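Residues per chain are reported as follows:
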Amino acid sequence: MLDILEQFRENIRRVQALGGLYDALSQQTTLALDLTDLLRSQIVMVVSALDHYVHEITRIGMLEVYSGKRPQTPAFLRFQITMEATLQGIAAVPSNDGWLDEEIRKKHGYLAFQHPDRIADAIRLFSNCTLWISVASELNLEVEDVKTELQLIVNRRNQIAHEADLDSRTPGGNRFTISSSDTKRIINLIFLKSIKESVIINRS
């Protein structure tokens, strides 16, 4: 899973680069030029990085369970596959997990692993760790505080991605305010929580 973690770090670096671009341009332009969409893009991209990370560690983790590198979990044993995949698996040699890899990609391809509960459900497919209890302990926070923080970030992302970040409560639909400090805090929270998740999962 080290490759997945490195890819996640690279995705975070790309998100941070947008923040650097915002800071540089802000020093060279006047307030008449609105650069805040760069910050909004950061929030959308950092949640996307988290979603991709959870998809990938889940897929690889399930393949490791299948190959015997990890213990089976109740959620893994309940994972449903199509008859087509079943026949491919029966026909495949034991070391060939390509059919399962493809089935996981198909089944999870339309799912978003962003909400705390959906992330925990994904992790249960290959790990018996109590994800948010463990993450909260690592961060020295309360479980509900960790989950609430993440949910607020995802809600903010949804405002931007699905509602153009417009406040429907105001005449003309003014956009919600956003600052560089907001995005930096969000990126740090996502990055820190994901790193803690990785440590916990690899210990389990």
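Predicted model, so just to flag it, every value in this text is computed and none were measured.

Calculation notes
Residues numbered from 1 in each chain as written. Predicted model: local features only at pLDDT ≥ 70, side-chain atom pairs only at ≥ 80, totals over all residues. Heavy atoms only, no water. Axes fitted to C-alpha atoms, helices over the stretch in contact; angles between N-to-C directions. Helix = DSSP H or I, 4+ residues; strand = E, 2+ residues; numbered from the N terminus. Parallel < 35°, antiparallel > 145°, perpendicular 65-115°, else oblique. Contact = heavy atoms within 4.5 Å. Nonpolar A, V, L, I, M, F, W, Y, C, P; charged D, E, K, R; others polar. Patch = residues over 30% accessible without salt bridge, like charges linked within 9 Å, V, L, I, M, F, W, Y side chains within 5 Å. Areas by Shrake-Rupley, 256 points an atom, 1.4 Å probe, with all protein chains shown as cover. Salt bridge = Lys/Arg side-chain N within 4 Å of Asp/Glu carboxyl O. Buried < 20%, exposed > 50% of the residue type's maximum accessible area, 1.4 Å probe, protein only.

## Quick look at the packing of helix H7 (residues 131-139) against helix H8 (residues 143-163)
- At their nearest, the axes of H7 and H8 sit 8 Å apart, and the two run at 100° to each other. Classified by the angle their axes make, H7 and H8 are roughly perpendicular. Where H7 approaches H8, its residues Trp-132, Ile-133, Val-135, Ala-136 and Leu-139 are matched on the opposing element by Val-143, Val-146, Lys-147 and Leu-150.
- The class makeup of the residues in the contact of H7 with H8 is eight nonpolar, no polar and one charged.

## A short note on the packing of helix H1 (residues 2-28) against helix H2 (residues 36-66)
- Running from N to C, H1 and H2 cross one another at 180°; their axes reach a closest spacing of 9 Å. As summarised for this structure, H1 and H2 are arranged roughly antiparallel, according to the angle between their axes.
- Here the residues of the contact of H1 with H2 sort into 18 nonpolar, eight polar and two charged.

## Quick word on a nonpolar patch on the surface
- On the surface, Met-83, Leu-87 and Ile-90 cluster together into a nonpolar patch covering about 370 Å² of accessible area.
- Turning to its location among the elements, Met-83 is positioned in helix H4 (residues 83-91).

## Considering the environment of Lys-184
- Inspection of the secondary structure assignment puts Lys-184 in helix H9 (residues 180-203).
- Looking at Lys-184, the relative accessible area reads 45%, which means it is partly exposed.
- Distance from Lys-184 to Ile-160, taken between C-alpha atoms, is 16 Å for residues 24 residues apart in sequence.

## Some points on the pattern of salt bridges
- This structure, assessed with the given rule, holds 17 salt bridges.
- Close ionic contact of Arg-13 with Glu-6 constitutes a salt bridge, the shortest N to O distance being 2.7 Å.
- Look at Arg-13 and you get partly exposed, because its relative accessible area is 39%.
- Note that Glu-64 and Arg-70 form a salt bridge whose closest N and O atoms lie 2.7 Å from each other. When sorted by exposure, Glu-64 lands in the same class as Arg-70, which is buried.
- The network of salt bridges with common partners includes Asp-34, Asp-37, Arg-40, Arg-156, Asp-165 and Arg-175.

## Focus: the side chain of Thr-183
- Counting through the fold element by element, Thr-183 comes out in helix H9.
- Note on Thr-183: relative accessible area 2%, which makes it buried.

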